[in-house]
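Results of the structural survey
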Amino acid sequence: MNEDFGDGTRVVHSVPAVAGQPFLPGPVFASAYHLGGDDTYGRAHNPGWRALEDALGGLDGGEAVLFPSGMAAISTLLRVVLAPGDAVVLPSDGYYLTRTLAAELPVRVVEAPTAGPYPPLDGVRLVLLESPSNPGLEVCDIAALSAAAHAAGALVAVDNTTATPLGQRPLELGADVVVSSDTKAVAGHSDVLLGHVSSRDPELVGRLRSARTVGGAVPGPFEAWLAHRGLGTLDLRLARQAQNAAALHEALKGHPAVSGLRWPGSPEDPAHAVAARQMRRFGGVLTFVLRDAAAVARFLERSALVAASTSFGGLHTTLDRRAQWGDPVPEGLVRLSAGCEDTADLVADVLASL
Ligand SMILES: *Cc1c(COP(=O)(O)O)cnc(C)c1O
């Protein structure tokens, strides 16, 4: 794909057009193939995985390996990169299951907040960043931290789920690895679990691919096809979601019922300067705090358009009270994922429900 094309063109044309063929070839459900071509067995090879890996790798600026969920991508990366006794730095304010997973591995876990300060990185094998972080929407200077990590001999992986491959290209900023839950905005319709890892290191990519084949947790062909179908509208969906997030930010700032409002896309956000330098565009996820859990419940009861849901990046506007899942945040902190509804309808509904 021509890298000079814009985001919309790249996602629509992520599969090269072939005369007489569908624009997006359908899923291939083979477990065993008639031998003689490149594909041998369904746990190792699938044409639909390859098509989506080409598309995501192209957008990330590396080579992508697909996994059946974001956590499968992260757990395979940690298993492949870390040896017993290694030190790994994880975000204390990032996706909580990553910390749960690492706590079960025979490694030394060092937690650091996304925006820093970071501990000395000497002797660290892997620094896993998440920027913007989930749910606090803090931002880490990826280029600066990658330089510091490389000087100390550490690898840098970035969980790019919140940003998406259109919002941020960590490999271009100096990171070694991108991990992503494509369950969120990439697939985008709240009906698929999927994830991927991208890197420019062919040796690491080969080990990840082999770990997938040997480990046996592989993506379903239909899930890969659905996610690829969703990817085609990622540019359009992100544009509407970001427009809705900007309008909600404007409507909520200074609202007496709202505190701690964060959206890195706003010039008023403390993370905006770093985010604007390293991100290509902003997404639809905002964070803010209502008085307590009961205030969040009342808001959801009144709202016709905002649904409680513990995911983000979908067509529907959803809200998640993170303390219920054990995130170390205030009881009334919510992550709101702006969907693709009409902006005026959404802002009116949210203001009326507050
Ligand atoms: C959802 C999420 C994950 C886990 O992805 P699954 O597809 O649910 O396994 C990892 N990191 C972040 C930042 C997420 O939001």
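As the structure is a computational prediction, the values presented were derived from the model and not from experiment.

According to the stated counting rule, one finds 18 salt bridges in the structure shown. Between Glu250 and Lys253 there is a salt bridge whose closest N-O contact spans 3.2 Å. Classification of Glu250 by relative accessible area gives partly exposed; the value is 49%. Relative accessible area serves as the criterion here: at 32%, Lys253 is assigned to the partly exposed category. In this structure, Arg335 engages Asp320 in a salt bridge whose closest nitrogen and oxygen atoms are separated by 3.5 Å. Note that Arg335 is positioned in strand β12 (residues 333-337) and Asp320 in strand β11 (residues 318-321), a separation of 15 residues in sequence. Like Asp320, Arg335 is buried. A network of salt bridges, in which partner residues are shared, links Asp7, Asp235, Arg280 and Arg281.

Attention now goes to the packing of helix α3 (residues 70-81) against helix α8 (residues 202-215). Where α3 meets α8, the closest approach of the two axes is 10 Å, and the angle between their N-to-C directions is 115°. For the pair α3 and α8, the crossing hand works out as right-handed. Touching Thr76, Leu77, Arg79, Val80 and Val81 of α3 are Leu204, Arg207, Leu208 and Ala211, all from α8. Its residues assigned to classes, the contact of α3 with α8 shows six nonpolar, one polar and two charged.

In this numbering, the UniProt entry assigns the feature "modified residue: N6-(pyridoxal phosphate)lysine" (unreviewed entry) to Lys184. Among all residues touching Lys184, those that are not within four sequence positions of it are Thr161, Ser311, Phe312 and Gly313.

Rules behind the numbers
Residues numbered from 1 in each chain as written. Predicted model: local features only at pLDDT ≥ 70, side-chain atom pairs only at ≥ 80, totals over all residues. Heavy atoms only, no water. Salt bridge = Lys/Arg side-chain N within 4 Å of Asp/Glu carboxyl O. Buried < 20%, exposed > 50% of the residue type's maximum accessible area, 1.4 Å probe, protein only. Helix = DSSP H or I, 4+ residues; strand = E, 2+ residues; numbered from the N terminus. Axes fitted to C-alpha atoms, helices over the stretch in contact; angles between N-to-C directions. Left-handed = near helix turned anticlockwise from the far one by under 90°. Contact = heavy atoms within 4.5 Å. Nonpolar A, V, L, I, M, F, W, Y, C, P; charged D, E, K, R; others polar. UniProt positions renumbered as here; feature names shortened; annotations may be inferred.

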